[in-house]
Amino acid sequence: MKQILEAVLSGEPGAVAGLAVPEHYRGVVVRKDEQAMFEGLESRDKDPRKSLHLDEVATPELGPGEALVAVMASSVNFNTVWTSIFEPVSTFGFLERYGRLNDLTRRHDLPYHVVGSDLSGVVLQVGPGVSRWKAGDQVVAHCLSVELEDPQGHDDTMMDPQQRIWGFETNFGGLAELALVKSNQLMPKAPHLTWEEAAAPGLVNSTAYRQLVSKNGGAMKQGDTVLVWGASGGLGSYATQYVLNGGGIPVCVVSSPEKAEIVRRMGAELVIDRSAEGYRFWKDENTQDPREWQRFGKRIRELTRGDDIDIVFEHPGRETFGASVYVTKKGGTITTCASTSGYLHQYDNRYFWMNLKRIVGSHFANYRESWEANRLIAKGLIHPTLSRTYPLARTGDAAYDVHRNLHQGKVGVLCLAPEEGLGVAPEAQEFRARHLEAINRFRDV
Ligand SMILES: NC(=O)c1ccc[n+]([C@@H]2O[C@H](COP(=O)([O-])OP(=O)(O)OC[C@H]3O[C@@H](n4cnc5c(N)ncnc54)[C@H](OP(=O)(O)O)[C@@H]3O)[C@@H](O)[C@H]2O)c1
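Residues numbered from 1 in each chain as written. Predicted model: local features only at pLDDT ≥ 70, side-chain atom pairs only at ≥ 80, totals over all residues. Heavy atoms only, no water.

1. Description of the packing of helix α9 (residues 290-304) against helix α10 (residues 318-327)
Rules: Every axis in this analysis is a line fitted to C-alpha atoms, fitted for helices over the stretch in contact. Angles between the N-to-C directions lie between 0 and 180 degrees. Helix and strand definitions follow DSSP, with helices as H or I runs of at least four residues and strands as E runs of at least two, each counted in order from the N terminus. Each angle receives one of four descriptions, namely roughly parallel if under 35 degrees, roughly antiparallel if over 145, roughly perpendicular if within 65 to 115, and oblique otherwise. Take the far helix as your reference; a near helix turned counterclockwise from it by less than a right angle gives a left-handed crossing, and one turned clockwise gives a right-handed crossing. What makes two residues a contact is simply this: any of their non-hydrogen atoms within 4.5 Å.
One way to put it is that α9 packs onto α10 with a least axis distance of 9 Å and a crossing angle of 50 degrees. Comparing their axes, α10 and α9 come out oblique. For the crossing formed where α9 meets α10, the hand is right-handed. Here Trp 293, Gln 294, Phe 296, Gly 297 and Ile 300 of α9 lie close against α10, whose contacting residues are Gly 322, Ala 323, Tyr 326 and Val 327.

Shown next as structure tokens:
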């Protein structure tokens, strides 16, 4: 591993070619024999620091159409929180099911799960049949794993019946020194970013792109008023950028003055601090309070000078969904990709059908959408929202921060990268300097 790292740090793109692939590597895992460890606890009390371990694991054999990547940096997504607290289900069920598919996928069904759905790094080796990528290429990987043997996914790769999220529903994820991906997950790393910055946007950036911009999601247009929940969080920090880039008007919901300040620095003018304004959409566990929806809607109209919401960027789920449906304009759209606070949603259907609203389910992004989202990063039109990084051995702390909503934007993890700040191409320094303020907007806040 030392040789690989030296080769990457030498700055010679091809220096890793021909190096022996280590038989073992260090990866962040959950262990199958611990999947019942949190039984009986409340979600909040399930602690990722107890279930995520940095273990030495065997390097998987490289199959056709695959690539082994030396991972310089990764980032924590909420899916790693879900895996680490074994909710809503243990991810070992996904690995078992995937393992039954064919001889090659059997490798994924192991008593440990190497997690992580983002990476930046250098291609170490490619399997038979890979021509687009070679050892030494600097890459990021999107997390869509598909087989494409059935017709359903041929227009929109997210529709593949064998669609999986790499590092969540498959093994050998990015929170590790090495990762195994299908070569068609690879995309070029933006040369003006450090390893940790490049690894941060991946999953959430592509997800926000589909959910809001793509015709498969909200199909946002200029002038649309968009309600963004968690606007300084992982998804929200990209959604806010997309609304501003696309000529829309974001109404950003956050939960502290510090978060309000960050979204203002991104350029958002209409901000709601949900904690300060004390919205309580539920009177008790089973009863919502429509007066609180009305108070929220009134506040939105006050900020927008009378406009209602064209698109809601939803992901908190149960706690906010009733309010989201209520505040959406006649003919407007609620796009949802998650249910962080609970997946059994409740809303008043009268406001929905009488006003001809639409609810659009969205999940990650197809190949093309992922490329488009990555291209915008490379063009400096969307920026990483990295707030801090942890070393690989402290991934549990990083996941704990995200689980407890103690973080801003994205939390990064240094894998092989020995320190922050490495990986910027010399020829991209000037371009970087032009965007430095935006790149650092979330740092250390
Ligand atoms: N389907 C997909 O492809 C996909 C992709 C990415 C993420 N997700 C899911 O989307 C969710 C969010 O992911 P993320 O990366 O954005 O997480 P994150 O970084 O934790 O950000 C979520 C933000 O939502 C807000 N929030 C949390 N609970 C809330 C509640 N009860 N009411 C209102 N706002 C609440 C918080 O902001 P404030 O406290 O500032 O309001 C938080 O910062 C997770 O459940 C994740 O698994 C799904």
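Text resumes after the structure shown.
2. Quick look at the pattern of salt bridges
Quick reminder of the rule: One side-chain nitrogen of Lys or Arg within 4 Å of one carboxyl oxygen of Asp or Glu is enough to make a salt bridge. Only protein chains enter the calculation, and the probe is 1.4 Å; a residue is then buried if its accessible area is under 20% of its type maximum, exposed if over 50%, and partly exposed in between.
In total, this model carries 27 salt bridges according to the counting rule given. A salt bridge links Arg 31 to Glu 34; the shortest N-O distance between them is 3.6 Å. Take Arg 31: its relative accessible area is 27%, and that puts it in the partly exposed class. Exposure remark for Glu 34: the relative accessible area of 19% places this residue in the buried category. Residues Arg 106 and Asp 103 are paired through a salt bridge, measuring 3.0 Å at the closest nitrogen-oxygen approach. An identical accessibility class is assigned to Arg 106 and Asp 103; each is exposed. Beyond isolated ion pairs, a larger network of salt bridges with shared partners links Arg 31, Glu 34 and Asp 55.

3. Topic: the packing of aromatic side chains
Spelled out, the test is: In summary, the pairing rule links any two rings of Phe, Tyr or Trp, Trp by its six-membered ring, whose centres are within 6.5 Å, and it sorts them by plane angle into stacked for under 30 degrees, edge-to-face for over 60 and tilted for everything else. Look at NZ for Lys and CZ for Arg. If either is within 6 Å of the ring centre and within 35 degrees of the ring normal, a charge sits over the ring.
Summed over all chains, the structure comprises 14 aromatic pairs. Where Phe 78 meets Trp 82, the ring centres are 5.1 Å apart and the plane angle is 55 degrees; that geometry is what we call tilted. Within this pair, Phe 78 and its partner Trp 82 are both found in helix α3 (residues 78-84), separated by 4 residues, close to a single helical turn. Following the ring pairs from residue to residue traces out a cluster consisting of Trp 229, Tyr 279, Phe 281 and Phe 296. Taking NZ or CZ as reference, Arg 49 lies 3.7 Å from the ring centre of Tyr 400, over its face. In this arrangement the basic side chain of Lys 189 is found over the ring face of Trp 195, its NZ or CZ atom lying 5.2 Å from the centre.

4. Regarding the sheet that holds strand β2 (residues 53-58)
This is how the line gets drawn: In this analysis, strands are considered paired if DSSP registers two or more bridges between them.
Reading across from one edge, β2-β1-β4 is the order of the 3 strands in this open sheet, with antiparallel pairing throughout. In this open sheet, the two edge strands, each paired with only one partner strand, are β2 and β4 (112-114). For this sheet, the mean angle separating the axes of adjacent strands, direction not counted, is 60 degrees. Sitting on the sheet, helix α4 (residues 92-99) is in contact with β1 (24-31) and β4, with an inclination near 95 degrees to β4.

5. Details of the sheet that holds strand β16 (residues 309-314)
One open sheet accounts for 6 strands, arranged β13-β12-β11-β16-β17-β18; its pairing is parallel. Either end of the sheet is taken by a strand with one partner, and the two such strands are β13 (270-273) and β18 (358-361). Averaged over all adjacent pairs, the angle separating strand axes in this sheet is 20 degrees, with direction ignored. As paired elements, strand β11 (residues 225-228) and strand β12 (residues 249-254) share 4 bridges and run parallel to each other. Looking across to β12, one finds that Val 228 is bridged to Cys 252. Taken strand by strand, α10 contacts β11, β16, β17 (328-336) and β18, and its axis lies near 145 degrees from that of β17.

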